[in-house]
Amino acid sequence: MDREGRLWSMLLITAATISGCMKADVFNVGEKSTKDMEINFIDDSFQSRSSDPDETKVTDISLMVFDMHGQLEEYRRLSPEYMSIAGRRCSVRLVKGMKYTLCACVNFGYPVYVSHIRDLEGITYHMEYPDEYRNGVPMYAQTTVTVSEEDTITLGLIRLMAKITLRMDRRRLSDNVEMNVTSVRIGNCPKRTKVFGENRVT
């Protein structure tokens, strides 16, 4: 092999070696910088509760994890079968020191996800079918965190419905006056609501 041929061979070997080292270095850095985080879903923030529909019932959860650029990085769908074994929690692998936004839709009855955080405003829940509440009260959660040494992230669930309590004060009525409520109807209720966007009364 002449001198020029040997030179080309040496250059090819060197380039292959450098390429292999670069790939290995990037892989190792990525492995060291990631961390498995446990995501917990809680509803302890409710100041009032109702038994019908059951506000403690959770049948499905759709979890979306967006990176600092708004791109969907992780998605988890927690089914009733999964939660019967693992509970209201799941695990995702995130990068240490990076900021993430976590959003969840609960008791929607179907998978909910978008590819970019700007599309969250387009997620709506239709509230005109009361029979669907047997699967649980529709709820959502949203928080922004920076991954640190902590192993868990807690998402507090927020109801998309409000509980209305009706109280009657009959103390000023005469003793012989009887008054009973037979029915109550609440009007001007929205048929749908934006889960993560701004809602306005129209």
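Check the entry above for the structure.
Report on the accompanying structure. This is a predicted model, so every value here is computed, not measured. Counting of residues starts from 1 at the beginning of each chain's written sequence and follows it residue by residue. The predicted nature of this model means local features are confined to residues of pLDDT at least 70 and side-chain atom pairs, given and counted, to a pLDDT of 80 or more, with totals for whole chains, interfaces and linings taken over all residues. Only hydrogens and water are removed before side-chain values are computed, so all heavy atoms of the structure are retained for them.

1. Things to note about the nonpolar core
Formed by 23 residues in total, the largest nonpolar core has its most connected members in Ile39, Phe41, Ile61, Leu63, Leu94, Leu102 and Leu155. Mapped onto this core, the elements with two or more residues apiece are β1 (34–42), β2 (61–66), β4 (89–95), β5 (99–106), β7 (139–146) and β8 (152–156). Counting from the N terminus, the helices are DSSP H or I runs at least four residues long and the strands are E runs at least two residues long. Broken down by element, this core gets its largest block of residues, 4 residues, from β5. In this description, contact between two residues means that some pair of their heavy atoms is separated by no more than 4.5 Å. Beyond its immediate chain neighbours, meaning those up to four positions away, Leu102 contacts Ile39, Leu63, Met64, Val65, Ala141, Gln142, Thr143, Val145, Ile153 and Leu155. Put simply, a nonpolar core is a bunch of buried Ala, Val, Leu, Ile, Met, Phe, Trp, Tyr and Cys residues held in one set by side-chain atoms that sit within 4.5 Å of each other. In this scheme, a residue with accessible area under 20% of its type's maximum is buried, one over 50% is exposed, and one in between is partly exposed, where area comes from a 1.4 Å probe on protein chains only. Formed by 15 residues, the second largest nonpolar core is a distinct cluster that contains Phe108, Leu120, Tyr125 and Met127.

2. Examining the pairing of β7
Here β5 runs beside β7; their pairing, made up of 8 bridges, is antiparallel. Looking at β7, one finds that Ala104 is bridged to Ala141. Bridge count between β7 and strand β9 (residues 158–159): 2 bridges; the pairing is antiparallel. If you follow Tyr140 over to β9, its bridge partner there is Ile158. Whether two strands pair comes down to DSSP finding at least two bridges between them.

3. Considering unusual backbone geometry
Phi at Asn107 is positive, roughly 65 degrees, even though this residue is not glycine. The residue Asn107 is located in the loop between β5 and β6 (124–126) in this model.

4. Points about the pairing of β4
What you see with β4 is a clean split: Cys90, Val92 and Leu94 sit on the buried side and Arg89, Ser91, Arg93 and Val95 on the side with no burial. Note that β1 and β4 share 7 bridges and pair antiparallel. If you follow Asp36 over to β4, its bridge partner there is Arg93.

5. What to know about the pattern of salt bridges
In a structure, side chains of opposite charge can pair up when their charged atoms sit close to one another. For this analysis, a salt bridge means a side-chain nitrogen from Lys or Arg found within 4 Å of a carboxyl oxygen belonging to Asp or Glu. Using the criterion set out here, one finds 6 salt bridges in the structure. Of the charged contacts in the structure, one is a salt bridge between Arg77 and Asp60, with a shortest N-O distance of 3.3 Å. In this pair, Arg77 is assigned in strand β3 (residues 72–78) and Asp60 in the loop between β1 and β2, connecting sequence segments 17 residues apart. Exposure remark for Arg77: the relative accessible area of 33% places this residue in the partly exposed category. Residue classification places Asp60 among the buried positions, given a relative accessible area of 4%. For Lys194, the salt bridge goes to Glu121, with nearest N and O atoms at 3.6 Å. Placement of the pair is Lys194 in strand β10 (residues 192–194) and Glu121 in the loop between β5 and β6, with a sequence separation of 73 residues. Taking the relative accessible area as the measure of exposure, Lys194 reaches 31% and is therefore partly exposed.

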